[in-house]
Amino acid sequence: RQNIAEHSHSVAMLAGELYRELVGTAQVEQAVLFQIYALALWHDMPEAITGDINSAFKDGLSAPAAADLERMELMLCPQLLDMREAQKYVWQEAVVKIADQMEAALYISHWMPNRHWRADSAREFIWGKVEKLAEAADRAHPQFEWVDAAVRVMERASGFQFDSNADPGYNS
């Protein structure tokens, strides 16, 4: 079973790779990269206290319950609130959210391959979330090619071939 530190480290590494893909290696700014690493390392820190609250559960919450959960998480980890209030991490947060879902798909692929009939369904579900987040980021921040960048990072990290126009494409 993965702990918060392992998960956050993996998210940080994927987020860094996604940032490099989005801007091109020659355009990487170290200060921005460090902001992304900080966001990634802190993004699930409240769960060190509460325990894991998976995104499928969070997605099913009513709007008031989701707002209450977010308030509680920000009370447990004021550093996240400080980062958000700085208002300078808008697209960097999208990088971390996408990397968070990418890490979940990679974790399932690595630790549950063919172990359980639901592993493929879980990977497909999570890849669908990665694509939706990337498409939303594309609309909000059109200066980057979010879906293509996410596909390239996932292909390198997983060894699978992805087709962003079809199914999650776990073709080797």
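Residues numbered from 1 in each chain as written. Predicted model: local features only at pLDDT ≥ 70, side-chain atom pairs only at ≥ 80, totals over all residues. Heavy atoms only, no water.

Student: I would appreciate a short explanation of the overall build of the protein in the present structure.
Tutor: Secondary structure assignment for the protein yields nine helices and zero strands. Along its sequence from the N terminus, the protein presents helices and strands in the succession α-α-α-α-α-α-α-α-α. Across the 172 residues of the protein, 39% fall into the buried class. Considering only residue pairs separated by 6 or more positions, the protein has 67% of its internal contacts joining residues 24 or more positions apart. Looking at the protein as shown, the accessible area adds up to about 9,800 Å², and 54% of this sits on carbon and sulfur atoms. (Helix = DSSP H or I, 4+ residues; strand = E, 2+ residues; numbered from the N terminus. Buried < 20%, exposed > 50% of the residue type's maximum accessible area, 1.4 Å probe, protein only. Contact = heavy atoms within 4.5 Å. Areas by Shrake-Rupley, 256 points an atom, 1.4 Å probe, with all protein chains shown as cover.)

Student: Would you mind showing me how to read the pattern of salt bridges here?
Tutor: Any two side chains of opposite charge can pair, given that their charged atoms come close. Applying the stated criterion across every chain, the model contains seven salt bridges. Taking the shortest distance from any N to any O, the salt bridge between Glu 21 and Arg 152 comes out at 2.4 Å. Of this pair, Glu 21 sits in helix H1 (residues 4-23) while Arg 152 is found in helix H9 (residues 146-158), placing the two residues 131 residues apart along the sequence. The class of Arg 152 is partly exposed, set by a relative accessible area of 34%. Of the charged contacts, one joins Glu 21 and Arg 156 as a salt bridge, the two residues approaching to 2.7 Å between their closest N and O atoms. On the criterion of sequence distance, the pair formed by Glu 21 in helix H1 and Arg 156 in helix H9 is long-range, its members being 135 residues apart. (Salt bridge = Lys/Arg side-chain N within 4 Å of Asp/Glu carboxyl O.)

Student: Please explain the packing of aromatic side chains as it appears in this structure.
Tutor: In this description, an aromatic ring pair is defined by two values, namely the gap between the centres and the angle between the planes. Per the counting criterion, the structure on display carries four aromatic pairs. Taken together, a centroid distance of 6.4 Å and an interplanar angle of 50° make the contact between Phe 34 and Tyr 37 tilted. Here the residue Phe 34 and the residue Tyr 37 both occupy positions in helix H2 (residues 30-42), the gap between them amounting to three residues, near one helical turn. Phe 34 sits in the exposed class, given a relative accessible area of 53%. Taken together, Tyr 19, Trp 91, Phe 144 and Trp 146 form an aromatic cluster joined through their ring pairs. (Phe/Tyr/Trp six-rings, centres within 6.5 Å; stacked < 30°, edge-to-face > 60°.)

Student: I keep staring at the nonpolar core and nothing clicks. Help me out?
Tutor: Within soluble globular proteins, side chains that are nonpolar tend to cluster in buried spots. Leu 18, Ile 36, Trp 91, Val 95, Ile 98, Met 102 and Trp 146 are the most contacted members of the largest nonpolar core, which has 38 residues in total. Mapped onto this core, the elements with two or more residues apiece are H1, H2, helix H7 (90-111), helix H8 (118-140) and H9. With 10 residues, the top contributor of residues to this core is H7. Beyond its immediate stretch of four places on either side in the chain, Leu 18 contacts Val 95, Ile 98, Met 102, Ala 149, Ala 150 and Val 153. (Core = buried A, V, L, I, M, F, W, Y, C linked by side-chain atoms within 4.5 Å.)

Student: It is not clear to me how the packing of H2 against H7 should be interpreted in this structure. Could you clarify?
Tutor: Describing two packed helices takes the angle between their axes plus the distance from one axis to the other. Two numbers describe how H2 lies on H7: the axes approach to 9 Å, and their chain directions differ by 55°. On the basis of their axis angle, the class for H2 and H7 is oblique. As H2 runs across H7, the sense of the crossing is right-handed. Of H7, the residues touching H2 (which contributes Val 32, Gln 35, Ile 36, Leu 39 and Ala 40) are Trp 91, Gln 92, Glu 93, Val 95 and Val 96. Here the residues of the contact of H2 with H7 sort into seven nonpolar, two polar and one charged. (Axes fitted to C-alpha atoms, helices over the stretch in contact; angles between N-to-C directions. Parallel < 35°, antiparallel > 145°, perpendicular 65-115°, else oblique. Left-handed = near helix turned anticlockwise from the far one by under 90°. Nonpolar A, V, L, I, M, F, W, Y, C, P; charged D, E, K, R; others polar.)

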